[in-house]
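# Structural features, examined
Here is what each chain is made of, one letter per residue.
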Amino acid sequence: MVNYYVRRTARVFVTIFGVMSLTFGLIRLLPGGPFTLLRTQLLQQGIPPEQVNQQIRNLQNVRPDAPLWQQYIDYMISAVQLDLGTSIQYSRPVTEVVAQAAPWTIFIVVASTILMFVFGILLGAIQAYWEGSKFDTIASSLSIVGMSIPFYVAAILLLLFVSYRWGLLPASGTANPNIENHWSLDYAISVVLHGALPILSYTIVGIGGQALAMRGNSIQVLGEDFVEVARLRGLSDGRIATRYVARNAILPMYTGFLLLLGFRLGGTVILEQIFNYPGLGLYLLDAVNSNDYPMMMGTFLVITVALVIGVYVADLTYSMIDPRISSGDSSEAY
Amino acid sequence: MIPVKHTESDASTEGLDWQTESTGADMTRGDRIREFYERSIYEPAVVAWADMRTRVGLLMLSVYLAITAVAVFGLWREPSSSQAPRLLGMFENWSYPLGTTSAGVDLTAELVHATPDIMLMVLAGGVWATGLAVLVGTVAGYKGGRVDRVLMSISDFFMAIPGLPLVIILAITFSPENPIFVGVILTINYWAGLGRSLRSQVLTIREDSYVEASRTMGTSTFRILRKDVIPNLMPYVTVNFVFAARYTIFASVGLFFLGVLPYSQPTWGVTLARAQENGALFVPEAAHWLIAPMIFIVGLALALILMGQGLDRVFNPRVRTRMAGESESTAEEDETITGGTL
């Protein structure tokens, strides 16, 4: 049991190390080398080469004239010390910009994923309970339609109608700029209103898939012998529904939940662009468009590390609710 | 390919070559062709057609194939600016059914001529992602040991990387123009999750008695994988092929919309992006410019999902046996829903 946690924790570090190496490799791969353009520009301005090298070193934490392995080690050491270089366009440390942007992205992703999960599970459970009813048929059809709508299509439609046509919710930003940025009720309300459309577009298209999965699992569990035995033992309906059916039906959806988290964290690049919502995704795209390599690699690294840690935490909590997962090597089968 | 039927008698003899061959020897060639036709084409078609979802899905997919043909054979005009009145709404003028852009481009022409590339992209993404997943999943699950550990570490690593940001960085590194290459890049790490779930399927199939029988008889590993293991994975593979294809459309349109992928001719995502740039969100007369590409995107995704659910019926051995009336199994049909909501 301890063994599982040790292995799982080790995997987190191995993965993060791998992703850091990958970002370093990608910087080398980028066409023409990331700093060729900058270097020529600086040299043309008449800045002496030593100073140019110093500047580039500050930007990326690598000595541009050192051998590749030396650059790699420099890069890794400073990344471990949470120094991701300096953004070219903002002239600020990447870590600082990222720290400002990350909470907004996490807010959107976590809020929408929880909402989608809760509503999907409730809907699926009701459908399974009244399997074959008219409600079930309609809900299933709507779920399939929902699954075929990409979230950005939902986002554009919401923006088009809710925001521009009817003027119900704000179209961009994280909060009303006229309200001072500190913890007050007005500010909190403004944050929720500004986050509503991004969260909603992520949520509504995802509910269908979750509902279908929950419906399928519940129907399967309802047919199992142990549910019948529980009925014969005279257990209350509430206990059967929550302890026997719901628990066994939700657990298999867990793997999908993890994948979902990843898709959504990545998907914020599109979502935040549509709503001009200054989270990690918007900064990543901004950096890509302005060739701000330190910024680009920094945001990419942070998004990935956030995902790795999120999955890790979810994995640990999962082993708490499902006793099977920690019982030795059986976990390897999933 | 048709999965092994899971009736009791079939399952235990499936791997025994001499038995199938001895029955095969009694049949004439015509009989065998007829049997192949019935088992592989006629029966699945009947099962598939019996399901409403497949029927609708097939119908919708054939519409897209027809659109592809229209574009390939040049049956609809090419898009070019000032070829039509500006900002015509949908169905206002039947020469331009989906309306026109603010530059006077026929939207129908733009969307129709983008379809062949999208179809190619989707096919490439689906084939690459599921093909690699089958390869990794079966080898890891069947071989076990060190091979398994290495392959699973690799797929864990790829699963840990958020797909879209990775694709964005790769897209600016390689600037892929070829639709097949775009499809492969978009699903560069999509195979990993599927590979992992296929592996866990293989782990259970490996222990089944007919596979064990083949192994005891000294059948080569490759033959066991081809004859016994992969056919049983087909339900997962077909359904997940459809999901990979759906992911490819969503991701490609999304990245063309962001302007990250380079383009030499418009795709659905580019149309969407241009509509947004030209203020179609605020100008009520231009709303159709956003809606038209959305119809194309959602329609194709819907067709694929419906097909996937219908195909699940065809390839799912339990459902098939029930349909053929060979078993009174009341097992519930699996609703294999995986993947994300991209």
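Chain B goes by ABC transporter permease in an unreviewed UniProt entry, where it is assigned to Halosimplex rubrum.

As recorded in an unreviewed UniProt entry, chain A goes by the name ABC transporter permease, listed as coming from Halosimplex rubrum.

Attention now goes to the overall build of chain B. The helix and strand inventory of chain B stands at 14 helices and zero strands. Of the contacts formed within chain B by residues at least 6 apart in sequence, a portion of 69% connects residues at least 24 apart. Carbon and sulfur atoms make up 61% of the accessible area of chain B, which amounts to about 14900 Å² in all.

Let us look at the interface of chain B and chain A. Taken together, the contact between chain B and chain A spans 55 residues of the former and 57 residues of the latter. Between chain B and chain A lies a buried interface of about 4800 Å² when both sides are counted; carbon and sulfur atoms form 78% of it. The interface formed by chain B and chain A contains one salt bridge. The salt bridge involving B:Asp156 is made with A:Arg11; its shortest N-O contact spans 3.6 Å. Between the two partners, chain B and chain A, sit three residue pairs in polar contact (both at pLDDT 80 or more). Within the residue set of the side of chain B that touches chain A, elements represented by two or more residues are helix H6 (145-160), helix H7 (163-174), helix H9 (191-206), helix H11 (221-258), helix H12 (268-277) and helix H13 (287-315) of chain B. It is H13(B) that contributes the most residues to the side of chain B that touches chain A, eleven residues altogether. Here the side of chain B that touches chain A is composed, by residue class, of 39 nonpolar, eight polar and eight charged.

The next point concerns unusual backbone geometry. A negative phi holds for most residues other than glycine; trans holds for most peptide bonds. The phi dihedral of A:Asn276 is positive, around 45°, even though this residue is not glycine. Inspection of the secondary structure puts A:Asn276 in the loop between helix H11 (253-275) and helix H12 (280-289). For A:Asn276, a relative accessible area of 46% corresponds to the partly exposed category. If you check the backbone angles, B:Ser175 has positive phi at about 45° while not being a glycine. Examined against the element boundaries, B:Ser175 turns out to sit in the loop between H7 and helix H8 (179-186). The exposure class of B:Ser175 is partly exposed, given its relative accessible area of 39%.

Counting buried residues in H12(A) gives eight out of ten residues, a clear majority hidden from the surface. Positive phi appears at A:Asn291, one or two residues downstream of H12(A), with a value of about 55°.

Turning our attention to the nonpolar core. Of all hydrophobic cores here, the largest spans 133 residues; its most connected members are A:Tyr152, A:Ile274, B:Ile249, B:Trp268, B:Leu272, B:Leu290 and B:Leu300. No other element matches the 16 residues that H13(B) contributes to this core. Residue assignment places this core across two domains, with domain 1 (4-83) and domain 2 (104-325) of chain A each supplying three or more. Among the nonpolar cores identified, the runner-up in size contains 21 residues, and B:Val134, B:Met152, B:Tyr210 and B:Val211 belong to it.

It is worth spelling out the side chain of A:Ser140 at this point. Residue and element names in this part refer to chain A. Here Ser 140 lies in helix H6 (residues 134-147). Side chain to side chain, Ser 140 and Gln 127 meet in a polar contact 3.0 Å long. With sequence-adjacent residues up to four places away left out, Ser 140 is seen in contact with Gln 127, Leu 212 and Arg 215.

Glancing now at the packing of H7(B) against H8(B). Residue and element names in this part refer to chain B. As a packed pair, H7 and H8 sit with axes 10 Å apart at the nearest point and diverge in direction by 145°. With respect to the hand of their crossing, H7 and H8 are arranged in right-handed fashion. Here Val 167, Leu 170 and Phe 174 of H7 lie close against H8, whose contacting residues are Phe 181, Ile 185 and Leu 186. Here the residues of the contact of H7 with H8 are counted per class, giving six nonpolar, no polar and no charged.

Before going further, it helps to examine the UniProt feature "transmembrane region" (unreviewed entry) in chain B. Under the present numbering, the feature "transmembrane region" (unreviewed entry) in UniProt falls on residues 56-76, 118-142, 154-174, 180-198, 233-258 and 286-308 of chain B. Its end C-alpha atoms 25 Å apart, residues 180-198 of chain B is made of 79% helix and 0% strand.

Turning our eyes to something else, we now look at the UniProt feature "transmembrane region" (unreviewed entry) in chain A. Residue and element names in this part refer to chain A. UniProt tags residues 12-30, 104-130, 142-167, 187-205, 249-275 and 295-314 as "transmembrane region" (unreviewed entry). Each end of residues 104-130 is marked by a C-alpha atom, and these two atoms are 39 Å apart; helix forms 96% of the span and strand 0%. Taken as a whole, residues 295-314 contains 100% helix and 0% strand, while its terminal C-alpha atoms sit 28 Å from one another.

In this section: the side chain of B:Thr248. Residues and elements named next belong to chain B. Residue placement: Thr 248 occurs in helix H11. Under the relative-accessibility criterion, Thr 248 is labelled buried at 1%. Excluding residues within four positions of it along the chain, Thr 248 makes contact with Met 121, Val 122, Gly 125, Gly 126, Gly 183, Leu 186 and Thr 187.

Scanning the entire structure with this criterion turns up 18 aromatic pairs over all chains. On the basis of an interplanar angle of 25° and a centroid distance of 4.7 Å, the ring pair of B:Tyr190 and B:Tyr247 is categorised as stacked. Of this pair, B:Tyr190 sits in the loop between H8 and H9 while B:Tyr247 is found in helix H11, placing the two residues 57 residues apart along the sequence. With a relative accessible area of 12%, B:Tyr190 lands in the buried category. What links up through ring pairs into an aromatic cluster is the set A:Phe151, A:Tyr152, A:Tyr202 and B:Phe257. Positioned over the ring face of A:Tyr202 is A:Arg264, at 4.8 Å from the centre of the ring.

Cut-offs applied
Residues numbered from 1 in each chain as written. Chains lettered and ligands numbered in written order. Predicted model: local features only at pLDDT ≥ 70, side-chain atom pairs only at ≥ 80, totals over all residues. Heavy atoms only, no water. Helix = DSSP H or I, 4+ residues; strand = E, 2+ residues; numbered from the N terminus. Contact = heavy atoms within 4.5 Å. Areas by Shrake-Rupley, 256 points an atom, 1.4 Å probe, with all protein chains shown as cover. Buried area = accessible area lost by both parts, 1.4 Å probe. Salt bridge = Lys/Arg side-chain N within 4 Å of Asp/Glu carboxyl O. Polar contact = N/O pair within 3.5 Å; in protein donor to acceptor, adjacent residues only side chain to side chain. Nonpolar A, V, L, I, M, F, W, Y, C, P; charged D, E, K, R; others polar. Buried < 20%, exposed > 50% of the residue type's maximum accessible area, 1.4 Å probe, protein only. Core = buried A, V, L, I, M, F, W, Y, C linked by side-chain atoms within 4.5 Å. Domains from an automatic or database assignment. Axes fitted to C-alpha atoms, helices over the stretch in contact; angles between N-to-C directions. Left-handed = near helix turned anticlockwise from the far one by under 90°. UniProt positions renumbered as here; feature names shortened; annotations may be inferred. Phe/Tyr/Trp six-rings, centres within 6.5 Å; stacked < 30°, edge-to-face > 60°. Lys NZ or Arg CZ within 6 Å of the ring centre and 35° of its normal.

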